[in-house]
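Structure assessment
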Amino acid sequence: MSDSNVSKARQRRRRSMLWSLALILVLSIALPLGYALAQSGGQGVQQQQQQRFGQDRATNPRSDMWREAREGQGGFTTQTGPYVTNTMISNVGETWRQFRMGPLITYGGYLLIGALALVALVFTFVGRIKLAHGRAGMTIERWKPFERYLHWFTATTFIVLAITGLSLLFGRTVLIPVMGHQAFAAWADIGKVVHNYVGPAFSVAVLLMILMWVRHNMPKAVDLKWFAAGGGIFGKSHPSAGKFNGGEKVWFWVGIVVFGIMVSVSGFLLNFPLFGQTRADMALYQAIHAITSLLWIAFFFGHAYIGTLGTEGALEGMTTGRVDVNWAKQHHDLWYEDEIAKGVKPQQAEAPATGSVGTVGQPSH
Amino acid sequence: MARMKFLCDAERCIECQACVTACKSEHEVPWGVNRRRVIVMDDGLPGEKSVSVACMHCSDAPCAAVCPVDCFYTTADGIVLHDKDLCIGCGYCFYACPFGAPQYPQQSAFGVRGKMDKCTFCAGGPETAHSEAEYVKYGANRIAEGKLPLCAEMCSTKALLAGDGDVVSDIYRQRVMRRGGRPQTWGWQAAYGNA
């Protein structure tokens, strides 16, 4: 047997194993469920209820009415207005209040402080990832102007939205004791308007970003090796990576795609209460929006650290569009090789960077 | 010190809407804003009941708890009021309130809300009592004149009771004892807890 036959056989075996695992999972749910349905004839629950509350033991209509009112069922009201409701009592409010004032503010606060502390720990104990061979003095284009504009537009609006959003969530705890009620109310008023107007623009930019970078972010086997090697942050090795390394791909898929879409959709529904959203809907969207945003901001601390303080020579890629050839070889070797293979010629750096070690004009090794 | 409470006796309410009209007129509440509304359950069916609902001035008010700018305060009489100069119209109190009391004057483009408006128990707001600013923002201040809320004063069947919680519950208890049946202090559990 040749090598290709062996690997094909191995692939086939792996595929059949996956399929049988999936089949076992599906059947383990479907079989007991099918049995229960067959036993009850599909309407067991209904039948039981009808038997329990038959004609001979009908409930009192008055207590039914109060029970319905207590459960939040609507009645009739002559008053009209956008915020007039026909329910005597809404039960979701208390749930939302307890969620927001309890776990959301408490654990959200811990999350952000924890993420900042983690970044500080990494900076203290791992430190800046230096260029292993200094600067080559030759640069290569990493980000096209449009990619940079979009990145910085998203980055700026993200920070604006984060500050205004966090002000609304934590302001009462953190800012009112410092600023006082009047100044904070003025700030929150501006913040709310800014948040509502910047939000949609941010969402459009996020969508464009997804479209622009999705083809570079397809997961590959090399990404697993990148993670196994600690991404070059932990440990001495410099794992291989294409245009986007494994970590950047996680930031893309989890941060931009999943969090971006969840924040954008929930934000849109909160921003435009014009589609018949109920109080329960708005409370739910607010909860989703807040949880996702907090996770995203915590994740963002890591992204911002790695792109600026954490990695020597990374930020200039996004500011000038060009990176040092040695940086490219160290952090994105596969992408660099592709670019060179495509015939891209590295150019002389315009102004020699301070403290460069490599000989100008000659890439080291 | 009195602890002000509302109680609507559903056995007496005839959904005449006088409380709603009195409130609108007394405070010159704008269109689309309803500080008080009457809700009819099982309308036109046997067992039909109506209840007049407004801000209940809760002991542990959810609106005050969730307000991001902390604009709510409770007076010495237990009346929950808010400062419209601080309110940013975020709508959180409307999500949190069990009684649907918070209202917003504007529904302009993109659903932008104005400053929240709600029942003040006819106690005005943080401005100087009986000032022009107080009337424009919060309506009349009858409490400062020693009067009780107009909705309850106007109520023809005395279904809607407003005043010191002890007095209100005393009146209601006597009614229930005389007419029989069970008490239905609707909304009291949610608003005032077990106090």
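Since we're looking at a predicted model, the values are computed, not measured.

1. Let's talk about the overall build of chain B
Helix and strand counts for chain B come out as 7 helices and 6 strands. Moving toward the C terminus, one meets the helices and strands of chain B in the order β-α-β-β-α-β-β-α-α-α-β-α-α. Relative to the compact-globule value of 16 Å for 195 residues, chain B shows a C-alpha radius of gyration of 17 Å, a close match. Oriented by its inertia axes, the alpha-carbon framework of chain B measures out at about 50 × 40 × 30 Å. Counting all 195 residues of chain B, 49% fall into the buried class.

2. Quick notes on the overall build of chain A
When you go through chain A residue by residue, the secondary structure sums to 13 helices and 3 strands. The buried share among the 365 residues of chain A stands at 26%.

3. Re the environment of R322 of chain A
Residues and elements named next belong to chain A. For R322, the location among the structural elements is in strand β2 (residues 322–324). Among the residues examined, R322 registers 20 C-beta atoms within 10 Å and is labelled buried. Considering only alpha carbons, one finds R322 and M138, 184 residues apart in sequence, at a separation of 9.5 Å.

4. Considering the UniProt feature "transmembrane region" (unreviewed entry) in chain A
All names here are of chain A. When the UniProt feature table is mapped to this numbering, "transmembrane region" (unreviewed entry) covers residues 107–129, 149–170, 197–214, 250–270 and 282–301. Across residues 107–129, helical content stands at 83% and strand content at 0%; the span's end C-alpha atoms are separated by 31 Å. Annotated as 100% helix and 0% strand, the span residues 282–301 places its first and last C-alpha atoms 28 Å apart.

5. Here's the deal with the nonpolar core
If you look at soluble globular proteins, the nonpolar side chains tend to sit buried side by side. Formed by 72 residues in total, the largest nonpolar core has its most connected members in V69, C93 and L160 of chain B. Ranked by residue count, the leading element in this core is helix α3 (residues 92–96) of chain B, at 5 residues. Apart from the residues lying within four places of it in its own chain, the contact partners of V69 of chain B are F184, A185 and A188 of chain A together with L86, C87 and I88 of chain B. Among the nonpolar cores identified, the runner-up in size contains 11 residues, and M138, I140, W327 and W335 of chain A belong to it.

6. Points about the sheet that holds β2 of chain A
Residues and elements named next belong to chain A. If you walk across this open sheet you meet the 3 strands as β2-β1-β3, and the pairing is antiparallel. The open sheet has two edge strands, β2 and β3 (347–348), and neither has a second partner. Inspection of the sheet shows strand β1 (residues 138–141) paired to β2 by 3 bridges, in the antiparallel sense. Bridge assignment links I140 to a residue of β2, and that residue is V323.

7. Things to note about the interface of chain B and chain A
Residue-level contacts link 42 residues of chain B with 44 residues of chain A. Looking at the side of chain B that touches chain A, the elements with two or more residues in it are β2 (36–41), β3 (49–54), α2 (62–66) and α3 of chain B.

8. What about the packing of helix α4 (residues 92–125) of chain A against helix α5 (residues 145–174) of chain A?
Residues and elements named next belong to chain A. One can describe the packing of α4 onto α5 by two numbers: an axis separation of 11 Å at closest approach and a directional angle of 90°. Classified by the interaxial angle, the pair formed by α4 and α5 is roughly perpendicular. Each of I105, G108 and G109 in α4 lies in contact with α5, whose residues at this interface are L169, F170 and T173. Residue composition of the contact of α4 with α5, grouped by class: 3 nonpolar, 3 polar and no charged.

9. What about the pairing of β2 of chain B?
Residues and elements named next belong to chain B. Counting buried positions along β2 gives 5 out of 6 residues, so the element sits mostly inside the fold. Note: β2 against β3, 6 bridges, orientation antiparallel. Its bridge partner lying in β3, V40 is registered against S50.

10. Concerning the confidence of the model for chain A
Taken as a whole, chain A shows an average pLDDT of 88; of its residues, 90% reach a score of 70 or greater. Throughout residues 355–365 of chain A the model reports pLDDT below 50, and contacts reaching past four residues in sequence, or to other chains, amount to 26 contacts.

11. With respect to the packing of helix α7 (residues 181–213) of chain A against helix α9 (residues 246–271) of chain A
Axis angle and axis distance: for two packed helices, these are the angle between their axes and the distance between the axes, and together they describe the pair. Residues and elements named next belong to chain A. The geometry of α7 relative to α9 is characterised by a closest axis approach of 10 Å and an angle of 145° between their N-to-C directions. Between α7 and α9 the crossing geometry is left-handed. Contacts between α7 and α9 involve N196, G199, P200, S203, V206, M209, I210 and W213 on the former and, on the latter, F252, I256, V257, G260, S264, G267, F268 and N271. For the contact of α7 with α9, the per-class residue count stands at 9 nonpolar, 7 polar and no charged.

12. Let's talk about the environment of C58 of chain B
Residues and elements named next belong to chain B. Note on placement: C58 falls in the loop between β3 and α2. We classify C58 as buried; it has 23 C-beta atoms within 10 Å. Taking the C-alpha atoms as reference points, C58 and A191, 133 residues apart in sequence, are found 4.3 Å from one another. Sequence-distant contacts of C58, defined by excluding residues within four places in its chain, comprise V80, A191 and Y192.

13. Let's talk about the confidence of the model for chain B
Summary statistics for chain B give a mean pLDDT of 93 and a share of 97% for residues scoring 70 or more. In the predicted complex, the global pTM is 0.84; the interface-specific ipTM is 0.92.

14. Remarks on the pairing of β3 of chain B
Within β3 of chain B, 6 of the 6 residues are buried, which leaves it mostly tucked inside the rest of the structure. On β3 of chain B, burial covers both faces: K49, V51 and V53 of chain B on one face and S50, S52 and A54 of chain B on the other are all buried.

15. Here we look at α4 of chain A
At 3.6 residues per turn, the α-helix brings residues three or four places apart onto the same side. Over its 34 residues, α4 of chain A runs 46 Å from end to end, which matches the ideal 50 Å to within 8%, given 1.5 Å per residue. R100 of chain A marks the point of greatest bend in α4 of chain A, at about 35°, and the proline P103 of chain A comes within the next four residues. Within the span of α4 of chain A, buried status applies to G93, W96, R97, R100 and G108 of chain A. Looking at the buried residues of α4 of chain A, the elements they touch are α5 and α10 (279–307) of chain A together with α2 and α3 of chain B. Looking one or two residues beyond α4 of chain A, the residue adopting positive phi is G127 of chain A, at roughly 80°.

Basis of the calculations
Residues numbered from 1 in each chain as written. Chains lettered and ligands numbered in written order. Predicted model: local features only at pLDDT ≥ 70, side-chain atom pairs only at ≥ 80, totals over all residues. Helix = DSSP H or I, 4+ residues; strand = E, 2+ residues; numbered from the N terminus. Rg over C-alpha atoms; globule rule 2.2 N^0.38 Å. Buried ≥ 20, exposed ≤ 12 C-beta atoms within 10 Å, placed from the backbone. UniProt positions renumbered as here; feature names shortened; annotations may be inferred. Core = buried A, V, L, I, M, F, W, Y, C linked by C-beta atoms within 7 Å. Contact = placed C-beta atoms within 7 Å. Pairing = 2+ DSSP bridges. Axes fitted to C-alpha atoms, helices over the stretch in contact; angles between N-to-C directions. Parallel < 35°, antiparallel > 145°, perpendicular 65-115°, else oblique. Nonpolar A, V, L, I, M, F, W, Y, C, P; charged D, E, K, R; others polar. pLDDT = per-residue confidence, 0-100. Left-handed = near helix turned anticlockwise from the far one by under 90°. Expected span 1.5 Å × (residues − 1). Bend = angle between axes of the 7 residues up to and from the residue.

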